[in-house]
Amino acid sequence: MKISEIFFSLQGEGIEIGLPTVFVRLFACDLRCSWCDTMYAVEGRDFKDMTVGAVAEEIASYGCRRVCITGGEPLIQAKEAAALAAMLTAEGYSIVLETSGH
Ligand code: SF4
């Protein structure tokens, strides 16, 4: 799967605001919103190709059981995102998926 970045921080949005979270930013989006603050994850070539297992391993390295799958638009890689979500939930992680919904 194409990964823009994986990092640990505090959730800044939504009902989990303030909670420690591992963010998995999937690369690519088919929209070009004028307010977008993550264009580096929308276009260009700044991404890593990683297996779902490798992404799960990097998430585990942070020791945090809460994960936010974001983008870009993560559902462009729906098959891979679903596989990652299935793997993580089977291991007891709590997951949030951020999508534009289109
Ligand atoms: S949908 Fe999100 S990631 Fe895509 S261009 Fe709009 S703000 Fe950026």
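My aim in this report is to walk through the structure given alongside it, one point at a time. (Residues numbered from 1 in each chain as written. Predicted model: local features only at pLDDT ≥ 70, side-chain atom pairs only at ≥ 80, totals over all residues.)

## Some words on the packing of helix H1 (residues 52–60) against helix H2 (residues 78–90)
Spelled out, the test is: With axes taken as lines fitted to C-alpha atoms, and helix axes fitted only over the stretch in contact, angles between N-to-C directions fall between 0 and 180 degrees. Strands are runs of DSSP state E lasting at least 2 residues, helices are runs of H or I lasting at least 4, and numbering of each runs from the N terminus. What sets the label is the angle itself: under 35 degrees gives roughly parallel, over 145 gives roughly antiparallel, 65 to 115 gives roughly perpendicular, and the rest give oblique. Crossing handedness is read from the near helix: turned anticlockwise from the far helix by less than a right angle, it gives a left-handed crossing, and turned clockwise, a right-handed one. It is the C-beta atoms, placed from the backbone, that decide contacts: two residues are in contact if theirs lie within 7 Å. Polarity classes work like this: nonpolar for Ala, Val, Leu, Ile, Met, Phe, Trp, Tyr, Cys and Pro, charged for Asp, Glu, Lys and Arg, and polar for all others, with Gly in that last group.
Contact geometry for H1 and H2: axes closest at 10 Å, N-to-C directions at 45 degrees. When the axis of H1 is compared with that of H2, the two are oblique. The handedness of the crossing between H1 and H2 is right-handed. Listed contacts from H2 to Val52, Val55 and Ala56 of H1 are Glu80, Ala83, Leu84, Met87 and Leu88. Grouping the constituent residues of the contact of H1 with H2 by class yields seven nonpolar, no polar and one charged.

## Observations concerning the nonpolar core
A general trend in soluble globular proteins is that nonpolar side chains are found buried together. This is how it is decided: Any set of buried Ala, Val, Leu, Ile, Met, Phe, Trp, Tyr and Cys residues joined through C-beta atoms within 7 Å is what this text calls a nonpolar core. Our exposure labels follow a C-beta count within 10 Å of each residue's own C-beta, placed from the backbone: buried means 20 or more other C-beta atoms, exposed means 12 or fewer, and partly exposed covers the counts in between.
Grouped together as the largest cluster of nonpolar side chains are 16 residues, with contacts concentrated most on Ile3, Val24, Leu26, Val55, Val67 and Ile69. Of all elements in the fold, only strand S2 (20–26), H1, strand S4 (66–70) and H2 reach the threshold of two or more residues within this core. Ranked by residue count, the leading element in this core is S2, at four residues. Apart from the residues lying within four places of it in its own chain, the contact partners of Val55 are Met1, Ile3, Ile6, Val24, Met50 and Leu84.

By themselves, these figures tell us nothing about what the structure is for.
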